[in-house]
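# Remarks on the overall topology
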Amino acid sequence: MTDPLRVLLVDDHAMVRSGFAMVLSVEDDIEVVGEAADGLQAIERARESRPDVVLMDVQMPRMDGIEATRHLVADDLGHVVIVTTFDRDDYLFDALRAGASGFLLKNAGPEQLLDAVRAAGRGHALLAPEVTRRVIGRMAGREAAPERSEPSALAGLTAREREVLVLLGRGLSNGEIAAELVLGEATVKTHVSNVLAKLHLRDRVQAVIYAYEAGLILPTED
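Because the structure is a prediction, the values reported are computed rather than measured. (Residues numbered from 1 in each chain as written. Predicted model: local features only at pLDDT ≥ 70, side-chain atom pairs only at ≥ 80, totals over all residues. Heavy atoms only, no water.)

## Considerations on the packing of helix α1 (residues 14–25) against helix α5 (residues 110–121)
To keep it simple, the criterion reads: Whenever a helix is involved, its axis is fitted only over the stretch in contact; in every case the axis is a line through C-alpha atoms, and angles between N-to-C directions fall within 0 to 180 degrees. Working definition: helices are DSSP H or I runs of at least four residues, strands are E runs of at least two. Numbering for both runs from the N terminus. For this classification, under 35 degrees means roughly parallel, over 145 means roughly antiparallel, 65 to 115 means roughly perpendicular, and everything else is oblique. Throughout, a contact is declared for two residues whenever any of their heavy atoms are within 4.5 Å. Each residue gets one label: Ala, Val, Leu, Ile, Met, Phe, Trp, Tyr, Cys and Pro are nonpolar, Asp, Glu, Lys and Arg are charged, and the others, such as Gly, are polar.
Packing of α1 against α5 brings their axes to within 10 Å, and their N-to-C directions diverge by 75 degrees. On the basis of the axis angle, α1 is roughly perpendicular to α5. Between α1 and α5, the residues in contact are Phe20, Val23 and Leu24 and Pro110, Leu113, Leu114 and Val117, respectively. Residues belonging to the contact of α1 with α5 are distributed by class as follows: seven nonpolar, no polar and no charged.

This is the structure we're talking about:
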């Protein structure tokens, strides 16, 4: 039997932390190992409890979730999932660039919360297609210059791997990429691994950021 996933809850509202804890604590494969009310406290708690996953609010006193994420990722103190109301948190993209493995909306249901924790615990990034478009749209609105030069590392990709990167940038899953390119899912998985390795990207979230910044996808794309 594998050890349960250790989860740290970070939010400046005690009621939010309690709600998440109630959902997570009844699961045999998940253990809530601590709570924190701001970013500084999150770093302290993470060093003490060594969580696998950190559910991180964005707007908090003393240190916000973006800066806290940057510290946690740099010190390898768990996979960070940003928890946001989204309409208010217009700097979500910065959190992803800081190293977050994805995010969860605060109005998500219990099953989505559990899926998010388990996926992050397995080292998977969390980026739904519809949310990908909104994140990219927000980033585009903050950068006026539409022209970007392609990074030289792209030259190391095959034509197929480049196609896969574009679809990753749109937030498609392996199954959706397989359907789009008429390939087997195992083949797509291999291509995704090759893309991440060649471009030195940690996960699919970084692939989305890379594809956007390289100009391979546009904020108006579906």
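Picking up where we left off.
## A look at the sheet that holds strand β4 (residues 79–84)
Defined as follows: Pairing between strands is defined by DSSP: at least two bridges between them are needed.
Overall, parallel pairing links the five strands, which are arranged β2-β1-β3-β4-β5 in an open sheet. Where the open sheet ends on each side, the last strands, each with one partner, are β2 (30–36) and β5 (102–105). This sheet shows a mean twist of 25 degrees between the axes of neighbouring strands, independent of strand direction. Running over the sheet, α1 touches β1 (5–10), β2, β3 (53–57) and β4 and is turned about 165 degrees from β2.

## Topic: the pairing of β3
To keep things clear, this is the line we draw: Type-normalised accessible area, obtained with a 1.4 Å probe on protein chains alone, sets the label of each residue: buried when under 20%, exposed when over 50%, and partly exposed for intermediate values. Handedness rule for crossovers: strands pointing away from the viewer, path from the first strand over the helix to the second running clockwise, crossover right-handed.
Across the five residues of β3, five count as buried, placing the element largely inside the fold. Of the two faces of β3, the one holding Val53, Leu55 and Asp57 and the one holding Val54 and Met56 are both buried throughout. When β1 meets β3, the two strands line up parallel, connected through four bridges. Looking at the pairing, Leu9 lines up with Leu55 of β3. Sheet topology note: the β3/β4 ladder contains five bridges and is parallel. Bridging across to β4, Met56 finds its partner in Ile82. With respect to chirality, the unit in which β3 leads through helix α3 (residues 65–74) into the neighbouring parallel β4 is right-handed.

## Some thoughts on the pattern of salt bridges
Pairing between side chains becomes possible if they bear opposite charge and their charged atoms approach one another. The criterion, for reference: Any carboxyl oxygen of Asp or Glu that lies within 4 Å of a side-chain nitrogen of Lys or Arg is treated as forming a salt bridge with it.
A complete count under the given rule lists ten salt bridges for this structure. The shortest N-O distance in the salt bridge between Asp38 and Arg62 comes to 2.9 Å. Taken together, the residues span a long stretch of sequence, with Asp38 in the loop between β2 and α2 (39–49) and Arg62 in the loop between β3 and α3 at a distance of 24 residues. Exposure remark for Asp38: the relative accessible area of 7% places this residue in the buried category. You can call Arg62 exposed: its relative accessible area is 60%. In this structure, the salt-bridge partner of Lys106 is Asp57, at a minimum N-O distance of 3.3 Å. Of this pair, Lys106 sits in the loop between β5 and α5 while Asp57 is found in strand β3, placing the two residues 49 residues apart along the sequence.

## Things to note about the pairing of β4
With five of its six residues buried, β4 lies for the most part within the structure. As judged from the four bridges shared by β4 and β5, these two strands associate in the parallel manner. Counted as the bridge partner of Ile82 is Phe103 from β5.

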